[in-house]
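# Observations on the model geometry
Here is what each chain is made of, one letter per residue.
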Amino acid sequence: MQLIITDAWAARSRAIHLSGHKLVLAVAAASLALMLSAVGLYHLVFLKGAREGWPVIGALVQLTVRGEFEQRDRFMRENIDAMARRLGEMQAKLVQLEALGDRVSGLAGVNTADLKVPPGRGGALVSGRSLTLEELQAALSELDQVAGSRVDVLTVIESRLLDQKIRTMMIPTQRPVAVGQVGSPFGWRIDPFTGHQALHTGLDFASSIGTPITAAAGGVVITQQLHPEYGNMVEIDHGNGLVTRYAHASKVFVHRGDLVKRGQKLAEVGTTGRSTGPHLHFEVLVGGVPQNPQKFLDAGMKPQGAAQLAAVAPAAVPPALGSRAGQ
């Protein structure tokens, strides 16, 4: 390609020769310069028109801004509506949680009225109109307050249930021997050595020598000795004045001061001390007074039986019924 440039004043001309690639570069450069000039001019004119309120440009600006605002408002409204629906679902679940908490508190013996818990409010969030952002924030704040109070109540219930479980585990409701029949029950009987009537202060479990003797409940070993009447004897303190006694053992595997748990092996059945044959003599004492161990073992077979005994164990007990003759 050849371009001829003519200068009228100088009465001369100049020829420029453009080959293929030079022509492409020249066209590209000219197009880019034209585009930049157009964009700069449009931007300058548009901004000036928008600032000064030119009729056509001002209307275009308002239309553009209004469209952006409408799109943003629509997006926010959709998000607020979605959050409101989610809030309604959370409130409905909170109502279910409150009902469950009331039932569990009844089982735990906790009166929620004493805890100054604000009344629960909830249910599905149903509204005839869309909520505002402020209303949604207020509903979320209220939901957070109610949920916090429910957490406090459930924490108290958990503590109470844990306390009840510990107290139940400290009540001797588990058989101290897995095998063996009750040979001599609690109460008055003819003493096998003297032939006179005497109070038998425990239960005798007839079993073979070497049969494991396990703790009827958790506690602390307070006595481990060779007694002239009880033979090899172990006593466990379960708290609240409740003590169990295991007598006539052939071997003992615990010592005074040991912490034992329910079902832990304490000794083995024997016939030491004042005994006519191999058996375990098992006693339950409340405040030092012998009680019928059978009522404790029977309570362990009933739902809530151990919990009921735990509630009355520290209560006053009847006076001793007689001597400890005839072990």
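Residues numbered from 1 in each chain as written. Predicted model: local features only at pLDDT ≥ 70, side-chain atom pairs only at ≥ 80, totals over all residues. Heavy atoms only, no water.

## What about the overall build of the protein chain?
Counted only if it meets this: Only DSSP runs of H or I with at least four residues qualify as helices, and only runs of E with at least two residues qualify as strands; both kinds are numbered from the N terminus onward. Here, two residues are considered to be in contact whenever any of their heavy atoms come within 4.5 Å of each other. Here the accessible surface of atoms and residues is derived via Shrake-Rupley with a 1.4 Å probe, and residues count as covered only by protein chains that are part of the display.
In terms of regular secondary structure, the protein chain is built from five helices and 14 strands. Of the contacts made within the protein chain by residues no fewer than 6 positions apart, 65% connect residues no fewer than 24 positions apart. Carbon and sulfur atoms make up 61% of the accessible area of the protein chain, which totals about 20,200 Å².

## Some thoughts on the side chain of Glu 268
Convention followed: Three labels apply to residues, based on accessible area from a 1.4 Å probe with only protein chains included: buried if under 20% of the type maximum, exposed if over 50%, partly exposed otherwise in between.
Tracing the backbone shows Glu 268 in strand β12 (residues 265-269). On the basis of relative accessible area, Glu 268 is assigned to the buried category, the value being 15%. Excluding its chain neighbours within four sequence positions, the residues that come into contact with Glu 268 are Gly 210, Thr 211, Ile 213, Ala 249, Ser 250, Lys 251 and Phe 253.

## Observations regarding the pattern of salt bridges
Between side chains of opposite charge, a pair can form as their charged atoms come close. As a reminder of what qualifies: What makes a salt bridge here is a side-chain nitrogen of Lys or Arg within 4 Å of a carboxyl oxygen of Asp or Glu, nothing more.
On inspection of all chains with the given rule, the structure shows three salt bridges. Here Glu 283 makes a salt bridge to Arg 245, at a shortest N to O gap of 2.8 Å. Residue Glu 283 is located in strand β13 (residues 279-286), and its partner Arg 245 is located in strand β10 (residues 242-252); the two are separated by 38 residues in the primary sequence. Each member of the pair, Glu 283 together with Arg 245, is buried. With its nearest N and O atoms 3.0 Å apart, the salt bridge here joins Lys 265 to Glu 268. In this structure, a network of salt bridges that share partners links the residues Glu 235, Arg 245 and Glu 283.

## Some words on the environment of Thr 271
The test is simple: Polar contacts, as used here, are pairs of N or O atoms within 3.5 Å; protein pairs need one atom able to donate a hydrogen and one able to accept it. Residues neighboring in sequence count only if both atoms are side-chain atoms.
Following the sequence through the fold, Thr 271 ends up in the loop between β12 and β13. By relative accessible area, which is 34% here, Thr 271 ends up partly exposed. The spatial distance from the C-alpha of Thr 271 to the C-alpha of Ala 247 is 8.8 Å, given a sequence separation of 24 residues. Residues in contact with Thr 271, not counting those within four places in the same chain, are His 248, Thr 276, Gly 277 and Pro 278. A polar contact of 3.2 Å, which involves the side chain of Thr 271, links it to the backbone oxygen of Gly 277.

## What about the confidence of the model for the protein chain?
Stated formally: How sure the predictor is of each residue is captured by pLDDT, a score from 0 to 100.
Mean pLDDT over the protein chain stands at 77; residues scoring 70 or higher make up 68%. In the model, residues 315-326 has pLDDT below 50 throughout and makes 29 contacts with residues more than four positions away in sequence or in other chains.

## Structural notes on the packing of aromatic side chains
Note the threshold: Pairs were defined over the aromatic rings of Phe, Tyr and Trp, the Trp ring being its six-membered one, requiring ring centres within 6.5 Å. Orientation was assigned from the angle between planes: stacked under 30 degrees, edge-to-face over 60, tilted for the rest.
Tallying each qualifying case throughout the model produces two aromatic pairs. Taking the centre distance of 6.5 Å and the plane angle of 55° together, the rings of Phe 205 and Phe 282 count as tilted. Here Phe 282 lies in strand β13 and Phe 205 lies in strand β6 (residues 203-206), a separation of 77 residues in the sequence. Judged by centre distance (5.4 Å) and plane angle (45°), the ring pair of Tyr 246 and Phe 282 falls under tilted. Here Tyr 246 is found in strand β10, whereas its partner Phe 282 is found in strand β13, with 36 residues between them in sequence.

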